[in-house]
Amino acid sequence: MTKQIDGPLYLVGAGKMGSALLSGWLAEGLDPEKVIVQDPSPPADAKSLFEQHNISCGKSPELAGAARIIVLATKPQIFDNVLPGLVEKLDDRTLVLSIAAGKTIADIQAILGPRPIVRAMPNTPAAVNAGITVAVANDRVSDDQVRQAQSLLGTVGEVAWIDEESLMDAVTAVSG
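Residues numbered from 1 in each chain as written. Predicted model: local features only at pLDDT ≥ 70, side-chain atom pairs only at ≥ 80, totals over all residues. Heavy atoms only, no water.

1. Focus on the sheet that holds strand β3 (residues 56-58)
Either a parallel or an antiparallel arrangement is found when strands of a sheet pair, and the pairing is made through backbone hydrogen bonds.
Argument step 1. With mixed pairing, eight strands are arranged side by side in an open sheet as β3-β2-β1-β4-β5-β6-β7-β8. Each edge of the sheet is formed by a strand with only one pairing partner; in this case those strands are β3 and β8 (157-161). The sheet shows a mean angle of 20° between the axes of neighbouring strands, direction not considered.
Argument step 2. Relative to strand β6 (residues 117-122), strand β5 (residues 95-98) is paired through three bridges, and the arrangement is parallel. (Pairing = 2+ DSSP bridges. Helix = DSSP H or I, 4+ residues; strand = E, 2+ residues; numbered from the N terminus. Axes fitted to C-alpha atoms, helices over the stretch in contact; angles between N-to-C directions.)

Here you go:
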């Protein structure tokens, strides 16, 4: 299903979860030419994945035009420093999909402005494609963007959607 992403897909953070997602996307047929990764020092296993699929990675790789989807897979402690540099990679149609722990939709909007945002929290078994991810979308997310987020998140396990972001912590704790 991820084959349907009309790219480019910009992955910010290639740590354990970012790499697990990328691996799942590639296994499901996502064209690696549509993927660009921003990570100044990815782990060795992620570097190997990039080399194997000829995926561009760097501190702030060039992007021709706006990203169709930006996936935020950064550590919470660097989140606020990374986001301002992403504004130039967005347009009104860009879906922001965040798996950054503890960062709310309001936190993202405070830096990136009002735009389509899905906040998701995969649990640890997602690293081996056996996870449960809880997701919530703001009111700017279209039905097509929900389908795209579902497709991307579904490559690492089941996805449960909730209507209220305030439930995210409780549901995540139960699924853990």
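2. Side note on helix α2 (residues 44-53)
Argument step 1. Within α2 the residues assigned to the buried category are A46, L49 and F50. The buried residues of α2 occupy an angular sector of 100° when projected down its axis, which confines them to one face. Of the exposed residues in α2, the ones pointing more than 90 degrees away from its buried face are A44, D45, E51 and Q52.
Argument step 2. Where α2 terminates, the next one or two residues include N54, which has phi positive at roughly 55°. (Buried < 20%, exposed > 50% of the residue type's maximum accessible area, 1.4 Å probe, protein only. Arc of directions from axis to C-beta.)

3. So, the nonpolar core
Argument step 1. In this structure, L9, L11, L22, W25, V37 and V71 are the most contacted members of the largest nonpolar core, which totals 30 residues.
Argument step 2. Looking at this core, the elements with two or more residues in it are β1 (9-12), α1 (16-27), β2 (35-38), α2, β4 (69-72), β5, β6 and α5 (143-153).
Argument step 3. Dropping the residues within four chain positions of it, V37 is found in contact with L11, A14, L22, F50, I55, S56, C57, G58 and P61. (Core = buried A, V, L, I, M, F, W, Y, C linked by side-chain atoms within 4.5 Å. Contact = heavy atoms within 4.5 Å.)

4. Thoughts on the pattern of salt bridges
Argument step 1. Under the definition given, this model contains five salt bridges.
Argument step 2. Between R93 and D91 there is a salt bridge; the shortest N-O distance is 3.6 Å.
Argument step 3. By relative accessible area, R93 is classed as exposed at 53%.
Argument step 4. Taking relative accessible area as the criterion, D91 reaches 23% and is therefore assigned partly exposed.
Argument step 5. Residue D144 is joined to R147 by a salt bridge in which the shortest nitrogen-to-oxygen separation is 3.9 Å. Residue D144 and its partner R147 are both found in helix α5; the two are separated by three residues, about one turn of the helix.
Argument step 6. The exposure class assigned to D144 is partly exposed, which follows from its relative accessible area of 42%. (Salt bridge = Lys/Arg side-chain N within 4 Å of Asp/Glu carboxyl O.)

Honestly, that's just the spatial picture; any functional story needs more than this.
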